[in-house]
Amino acid sequence: MSLVICVLGAVMLTHFVLPPPQTAPPTVRIIHSGHACNVEEERHTERVYTIREGETLELTCLVTGHPRPQIRWTKTAGSVSDRFQDSSVFNETLHIAKIQRTQGGRYYCKAENGLGSPAIKSIRVDVYYLDDPVVTVHQSIGEAKEQFYYERTVFLRCVANSNPPVRYSWHRGREVLTQGSDKGVEIYEPFFTQLQGETKILKLKNLRPQDYANYSCIASVRNVCGIPDRSVIFRLTNKTASPSIKLLVEDPIVVNPGQTVSLVCITTGGEPPPILTWVSSNDSLPQRSVVKGGTLTLPAITSDEAGVYSCVASNNVGNPAKKSTTIVVRALKKGRFWITPDPYHNDDHIQIGREVKISCQVEATPPEELTFSWLKNGRALRSSERMVITQTDPDISPGTTNLDIIDLKFTDFGTYTCVAALKGGGIPEISIDVNISSTTVPPNLTVPRGKSPLVAREGDTVELECLVSGKPKPIILWSRADKEAPMPDGSMQMESYDGVLRIVNVSREMTGSYRCQTSQYNGFNVKPREAIVELIVQYPPTVEPVFMEMRQGLGRPVVMTCRVLRAHPSRVLRFEWLLSNRLLHAGAFDTQRDETEYTIRSLNRDGWGEYTCNVINEAGAGKCTFQVTGKAYPPEFYYDTYNPLWQNRPRVYGFKLQWTQMNPNAVDRIVAYRLGIRQMGLQRWWEQEIPVDGTINKGELMTHNLTELIKPESYEVRLTPITRFGEGDSAIRIVTYSGKREFHCSFEEEPICMFTQDKNDDFDWTRHSAATRDTKYTPNTGPSGDHSGSKQGFYMYIETSRPRKEGDQARLISPFFNVAPKNPYGITNPPAYCFGFFYHMYGKHIGTLNAFLKQKGQTASEGLVWSLSGNQGDRWKQAKVSIHPTSSFQVVLQGIRGPGIEGDIAIDDITLEEGECRDPPPSE
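What counts as what
Residues numbered from 1 in each chain as written. Predicted model: local features only at pLDDT ≥ 70, side-chain atom pairs only at ≥ 80, totals over all residues. Heavy atoms only, no water. Helix = DSSP H or I, 4+ residues; strand = E, 2+ residues; numbered from the N terminus. Buried < 20%, exposed > 50% of the residue type's maximum accessible area, 1.4 Å probe, protein only. Contact = heavy atoms within 4.5 Å. Phe/Tyr/Trp six-rings, centres within 6.5 Å; stacked < 30°, edge-to-face > 60°. Lys NZ or Arg CZ within 6 Å of the ring centre and 35° of its normal. Pairing = 2+ DSSP bridges. Axes fitted to C-alpha atoms, helices over the stretch in contact; angles between N-to-C directions. pLDDT = per-residue confidence, 0-100. Core = buried A, V, L, I, M, F, W, Y, C linked by side-chain atoms within 4.5 Å. Disulfide = S-S within 2.5 Å.

Enquirer: Any chance you could explain the environment of Pro664 here in plain terms?
Expert: Within the secondary structure, Pro664 is located in the loop between β54 (652–661) and β55 (672–679). A relative accessible area of 7% means that Pro664 is categorised as buried. Each C-alpha atom, one on Pro664 and one on Pro634, is 9.3 Å from the other, the two residues being 30 residues apart in sequence. When neighbours within four sequence positions are excluded, Pro664 is seen to be in contact with Ile696, Asn697 and Lys698.

Enquirer: In this structure, what is going on with the packing of aromatic side chains? I would like to understand it.
Expert: The geometry of an aromatic ring pair comes down to the distance between the two centres and the angle between the two planes. Scanning all chains against the criterion turns up 18 aromatic pairs. Here the aromatic rings of Phe835 and Phe837 are separated by 5.5 Å at their centres, their planes lie at 45°, and the arrangement is tilted. No difference in accessibility class separates Phe835 from Phe837, as the two residues are buried. Through pairs of rings, three or more aromatic residues link up here, namely Trp577, Tyr598, Tyr611 and Phe626. Looking at Arg68, its charged tip hangs above the ring of Tyr639, at a distance of 4.2 Å from the centre. Above the plane of the ring of Tyr129 lies Arg101, whose end atom (NZ or CZ) is 3.7 Å from the centre.

Enquirer: What exactly am I supposed to notice about the sheet that holds strand β33 (residues 414–422) here?
Expert: Strands belonging to one sheet form pairs held by backbone hydrogen bonds; the direction of such a pair is parallel or antiparallel. Here four strands make up an open sheet; going across it, the order is β30-β29-β33-β34 and the pairing antiparallel. This sheet does not close on itself; its edge strands, each paired only once, are β30 (379–381) and β34 (430–436). Neighbour-to-neighbour, the strand axes of the sheet open up by a mean angle of 35°, direction not taken into account. Taken together, the seven bridges between strand β29 (residues 370–376) and β33 define a ladder with antiparallel strand orientation.

Enquirer: Would you mind going over the confidence of the model for the protein chain with me for this structure?
Expert: In low-pLDDT regions, the fine details of the predicted coordinates are not to be read closely. This prediction gives the protein chain a mean pLDDT of 86; 89% of its residues lie at or above 70. Confidence drops under pLDDT 50 across residues 1–20; counting only partners more than four residues distant or on other chains, this segment forms 57 contacts. Contacts for the low-pLDDT stretch residues 141–150, under 50 throughout, to residues beyond four places or in other chains number 21 contacts.

Enquirer: Explain the sheet that holds strand β25 (residues 307–314) to me, please; I cannot follow it from the model alone.
Expert: Taken in spatial order, the four strands make up an open sheet running β20-β26-β25-β22, and their pairing is mixed. This sheet does not close on itself; its edge strands, each paired only once, are β20 (253–255) and β22 (275–280). When the angles between neighbouring strand axes are averaged without regard to direction, this sheet yields 25°. Bridge count for β20 against strand β26 (residues 321–329) is three bridges, and the pairing is parallel. Each bridged residue has a counterpart across the sheet, and for Val255 the counterpart in β26 is Val329.

Enquirer: Sorry, what's going on with the nonpolar core here?
Expert: Nonpolar side chains tend toward joint burial in soluble globular proteins. One finds Phe755, Trp765, Phe835, Phe837, Leu849, Ile907 and Ile910 to be the most contacted residues of the largest nonpolar core, which totals 34 residues. The greatest single-element share of this core, amounting to five residues, is contributed by strand β66 (residues 833–841). Within the second largest apolar cluster, 28 residues are counted, among which are Ile339, Val362, Leu408 and Ile436.

Enquirer: I keep staring at the state of the cysteines and nothing clicks. Help me out?
Expert: Simply put, disulfide is the name for a covalent bond between the sulfur atoms of two cysteines. Counted according to the given criterion, the structure contains seven disulfides. Here Cys265 connects covalently by a disulfide to Cys311, the sulfurs 2.1 Å from one another. Negative torsions about the S-S bond denote left-handed disulfides, and the value of about -75° found for Cys265 with Cys311 makes this one left-handed. Residue Cys265 is found in strand β21 (residues 261–271), and its partner Cys311 is found in strand β25; the two are separated by 46 residues along the sequence. No difference in accessibility class separates Cys265 from Cys311, as the two residues are buried. The disulfide that involves Cys466 links it to Cys516, with 1.9 Å between the sulfurs. With the S-S bond torsion at -80°, the cross-link from Cys466 to Cys516 turns out left-handed. Separated by 50 residues along the polypeptide, Cys466 in the loop between β37 (462–465) and β38 (467–471) and Cys516 in strand β42 (residues 512–518) bring together distant segments of the chain. Among the residues examined, Cys466 registers a relative accessible area of 1% and is labelled buried.

Listed below in structure tokens is the structure:
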């Protein structure tokens, strides 16, 4: 398919008498599509969008403003609290498929383009749903006995989650139960409970034989959003009873890891038959668990799966029955020891003739099965007067045993072994060896010479070292000494068995003091020994800007500045400036300043390129990069053109492309634009140049007419500015054919959609909202809100108080609307348009409201297309009229003052659509 582009030239054309604003802050309007049940205006301008759960939510944010505003959807003001589809958050249209009840709430559309304050509009989304009702049965506590339902009073409670609130009805068999219809039945009004929501209770007093029947609870939301009623049936008999169960297992159950555990739960009573479920204290059942009927099987159980398991039986009668058992998985871990010298002597060494205590500790599950035994040099050791074996109180130090050697003798030297085991067996024992000899001495810590302070460069791997002497050598604990800060692994303390702390990829934040300290574990239980190691991390200068693009025209100066933010060592040695890899300038850094500059006094073609400034210290170099270019900034398409699309011929259409140039004076004069266009879905681009005469001013609106576009195809348009440098940055937009064009104005923004006041009338129309109405306004006339009922919304009206007099007129003139571009053949079949608006004419002195069609180039007077006079009541009404212009046209709304002050006339929501009006409302 061939494509021909006819260039009409880059001329300043607009559709309206006044040119569109060259720059404009953003405005926002939210419209809806998708599967809405209802959209209404509530008080205080809150728009409510009602949708059924599971349907598709689609909200579109219509924006105006130049440059084109950026759009962001949020659920709460400022952040996306719900997980939208990523493609939706920054698009005009927010799309949520299969919306859930939790996704209801207030949605905000925020648009900003750097001009003025961001524009924000919101709409509240109300998700409607109705769950199946649930009936629970209870008996009053005072009357409960062994046979649950032989007693007098029974309560049937019906609950259904819903939005909007649910309406309940009760049936017994086919009989509808209402309050007063049966003396033995009492129906409570619905009430709300925090736990169950809105509840409807049926009370059966003095239970009779006919009360044993099928009871139906029907929940209804009155078919809103097409949600059907839901119902549930409960059969009440003389056997109806709450559930009871029995666990066929012991409590607790103690097992070894790897065993398969089966928990069996059976029902012993309940009508209807109860449903059994298993729950765990660990939030959820283990992934490998198997539930079959009332049996829960845990194959190859692990320590992580230990806990309380409960069987729950429910049949909606009375309270659920629950039985629990605890599974304990045997385990032994973390064996440690420590040596305590004689506490009655101020000496940390072990000496002949004094007491010494060896302590041994493990973590055991279950703790009551833990047993300890002691060996000396491999032979069993029994408690005696000089060798006292004790077990510490579990509340003070669980899993701990002590061997006290009284009056240490030379023959007591040797290897003592603590053996921990569980009585149930099946778990490997833990053995801990402790050597007591003349060489057993308390620890000492020192920092090797030259290891503090330790200087490293950022990114290196460093080893902080403390030398540990003594026997046995204890575990060394490392922590920050200069501040409360985590260690490199995120913990507050790290363990080391050899006294070395290894840090990979050290960073500047790790500079500081580190403490190495002896632990009491696997060593002496004495006052901890400690030492300090200083770590200094050097890093290259941090500079700004890391990258900056600088656009400039030929012959103009360029100044580049590279600033140092921080460095260690802070004494910066030197700097160097390069263009590509060619050295331009180098020297010592001025210590009185924190920056260095390079200036191009007059930019020439050889001066375009990438400039690099390296600021260098002992640790390396920080680099500033400047891209000096003559590329022009991209154009900014103007999206707010009214009626940019026109019908050219039956098979083709035209489009008025408008744009402004971003920062046109930043570089050399733009001499032309390269226009590229391609049909969506095709690969081939068609290109041409649009010449530019003279200098483009900032904010100047340029226009180019695209013609011969094929209906109903869409096109991708690319526009690229050209200077002496060459091509600049491109901008791309999509041109879409719309078979039906529509103009809409609700007067919500101050520019009032480019409407203007006629300078030759008697007074002006006034933009107004009920929320800002003067307290001295004339009563008994004028609207109490805009057409949608919002007190915050705006409309236009004529104020008929003094000094206005009867017959005075106010005229409001629309912008120009194009019918088609001029052609030598004229327009043989004038198109039809439907002009519509809402009016409010309330008051005993109402005058007249007229609508005229004013066509460009025609000397004949305006044509009256609609007129209405007199009081029409305190409500908004709609007017629609078909018009058939033969050239570019405007519509004029004329308000004429009546005989008194109670004659305010208001208009709102003006629309203009292609095609004849469908079922226009009668003119009353």
